[in-house]
Amino acid sequence: MFVDQVTVTLKAGKGGDGCVSFRREARVPKGGPDGGHGGDGGSIIFFADENISSLAYFRFHPIAKAKNGAPGEGGNRQGKRGADVRLGVPVGTVIKETDGGPALADLVRHGESFVAARGGKGGRGNASFATATHQTPREWHPGRPGEERELFLELKLIADVGLVGFPNAGKSTLISKISAARPLIADYPFTTLTPNLGVVDIGEYRSFVVADIPGLIEGAHRGQGLGIRFLRHIERTKVLVHVIDVSPYSGRDPLEDFRILMKELEAFSPEVASRPQIIAANKIDLLGDDRSRLLRLRRMAARRKIPLFAISALKRQDLKPLVEAVARLLGRDADRNGRGGA
Ligand SMILES: Nc1nc2c(ncn2[C@@H]2O[C@H](COP(=O)(O)OP(=O)(O)OP(=O)(O)O)[C@@H](O)[C@H]2O)c(=O)[nH]1
Ligand SMILES: [Mg+2]
């Protein structure tokens, strides 16, 4: 189950109360104060874990509580700290208040963490109130409450390249041929319901990450089809690859497809729509004698100065020049001796 947005309720632990106690020893008629501090309450901490791929856990566990600190004890013993709760989230998780506002944290690297709710401090025990003139203090402080808050977690996958295209254009087929990703591929629209990531190897120590997202259709920004909510997963990409079916069997016009894709991208984010793009004209194994769609798309791409590569994802035809062009746009081509590599 792929979940990329959740609301969680966090309750950090309360601090333990300070203790009031006096030393009692044989033959010491009046011992001094020896009540210890309460232990601090546990905090709730999110950390990015590359082995976790979705926020699904929180769908079933929307509330997290950390342990309270234990009260202080006699003999100047501090109460035990409440244990922290550490919650793993996918790399790329953005943490916000539920009423919007700027991100409180954006966990983009494996292991990066964020203290989301702090445990309360333990209260002072009476021993700490003793002074030369105040030798039998009975004061103590209660533990402070832990932070309680509701937060909104949103996953924005981290990929270098985003594949966009109509349903059935061959996006999943393409990612399956250039990476180890094995998404479901089928001859019907909306096969892909959740994004897939694939790592494309481009030689020694160099690679880039591609995101295959569910297909877009006209009106996606108004909620048609699966809508544009998955576009958030290409927000962090640097290059977009339009996968366009140029075969005579799609029943669509490739120029129209490109125009609609651009319109939907614009509606989502003009900034995303202005990123460097490449067109992958797919399914050329089906062209036969009818190359008109490919030619018209080529002319349009040339006019707009968008690099176009004619490929057959299914037959692995001419995929290398496409992958190399993407690598060049990312600055990860071989000419750089791999310095820009991943
Ligand atoms: N002949 C031919 N068929 C292809 C090619 N690429 C993909 N297909 C077929 O087109 C159909 C759709 O492919 P997918 O990769 O699932 O398409 P998609 O773009 O991921 O589709 P959605 O997930 O629905 O958005 C499948 O039957 C593929 O086998 C190609 O280059 N040539
Ligand atoms: Mg797909």
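Refer to the preceding data block for the structure.
Residues numbered from 1 in each chain as written. Chains lettered and ligands numbered in written order. Predicted model: local features only at pLDDT ≥ 70, side-chain atom pairs only at ≥ 80, totals over all residues. Heavy atoms only, no water.

A. Up close: the coordination of the magnesium ion (ligand 2). Every protein donor of the magnesium ion (ligand 2) is accounted for by Ser172 (OG) and Thr192 (OG1), and the metal-donor separations fall at 1.9 to 2.1 Å. Of this pair, serine 172 sits in helix α2 (residues 171–178) while threonine 192 sits in the loop between α2 and β10 (196–201), and the two are 20 residues apart along the sequence. Considered together, serine 172 and threonine 192 belong to a single accessibility category, that of buried residues. (Donors = N, O, S within 2.8 Å, 3.2 Å for Na, K, Ca; no water. Helix = DSSP H or I, 4+ residues; strand = E, 2+ residues; numbered from the N terminus. Buried < 20%, exposed > 50% of the residue type's maximum accessible area, 1.4 Å probe, protein only.)

B. How the structure looks around the sheet that holds strand β13 (residues 277–282). Reading across the sheet, the 6 strands line up as β10-β11-β9-β12-β13-β14 and stay open at both edges, with mixed pairing between neighbours. Unpaired on one side and paired on the other, β10 and β14 (308–310) mark the two borders of the sheet. The mean angle between the axes of side-by-side strands here comes to 25°, regardless of whether they run parallel or antiparallel. As judged from the 3 bridges shared by β13 and β14, these two strands associate in the parallel manner. Its bridge partner being in β14, alanine 280 is matched across the sheet by phenylalanine 309. Contacts between helix α3 (residues 254–268) and the sheet are confined to β9 (161–165), β12 (239–245) and β13, with β12 contributing the most and set at about 145° to the helix. Set on the sheet, helix α5 (residues 292–304) makes contact with β12, β13 and β14; between it and β14 the angle comes to about 160°. (Pairing = 2+ DSSP bridges. Axes fitted to C-alpha atoms, helices over the stretch in contact; angles between N-to-C directions. Contact = heavy atoms within 4.5 Å.)

C. Region of interest: the pattern of salt bridges. With the rule as written, the count across this model stands at 23 salt bridges. For aspartate 4, the salt bridge is made with arginine 232, and the minimal N-O distance between the two is 2.9 Å. One end of the pair, aspartate 4, is in the segment before β1 (5–11); the other, arginine 232, is in the loop between β11 (207–212) and β12, and 228 residues separate them in sequence. Judged on exposure class, the residue aspartate 4 and its partner arginine 232 are both buried. Ionic contacts of the salt-bridge type, sharing partners, join the residues Asp4, Lys96, Glu154, Arg229 and Arg232 into one network. (Salt bridge = Lys/Arg side-chain N within 4 Å of Asp/Glu carboxyl O.)

D. Region of the structure containing the packing of aromatic side chains. As enumerated under the stated definition, the model contains 2 aromatic pairs in all. Judged by centre distance (6.0 Å) and plane angle (70°), the ring pair of phenylalanine 46 and phenylalanine 58 falls under edge-to-face. Of the two residues, phenylalanine 46 sits in strand β2 (residues 44–48) while phenylalanine 58 sits in helix α1 (residues 56–60), which places them 12 residues apart along the sequence. Comparing phenylalanine 46 with phenylalanine 58, the two get one shared label, buried. Between tyrosine 57 and phenylalanine 58 the ring centres are 5.2 Å apart and the planes differ by 90°, which places this aromatic pair in the edge-to-face class. Given a relative accessible area of 43%, tyrosine 57 falls into the partly exposed group. You can call phenylalanine 58 buried: its relative accessible area is 4%. Chaining the aromatic ring pairs together yields one cluster made of Phe46, Tyr57 and Phe58. Directly above the ring of phenylalanine 47 sits arginine 86, whose terminal nitrogen or CZ lies 4.7 Å from the centroid. (Phe/Tyr/Trp six-rings, centres within 6.5 Å; stacked < 30°, edge-to-face > 60°. Lys NZ or Arg CZ within 6 Å of the ring centre and 35° of its normal.)

E. Spatial organisation of the sheet that holds strand β5 (residues 93–97). A sheet is described by the order of its strands in space; here 5 strands give the open sequence β3-β1-β8-β5-β6, paired in mixed fashion. Strand pairing shows two members of the sheet lacking a second neighbour, β3 (63–65) and β6 (100–107), which therefore form its edges. The sheet shows a mean angle of 30° between the axes of neighbouring strands, taken without regard to direction. Examined bridge by bridge, β5 and strand β8 (residues 148–155) share 5 bridges and lie antiparallel to one another. Each residue of the ladder has a partner; that of isoleucine 95, found in β8, is leucine 153.

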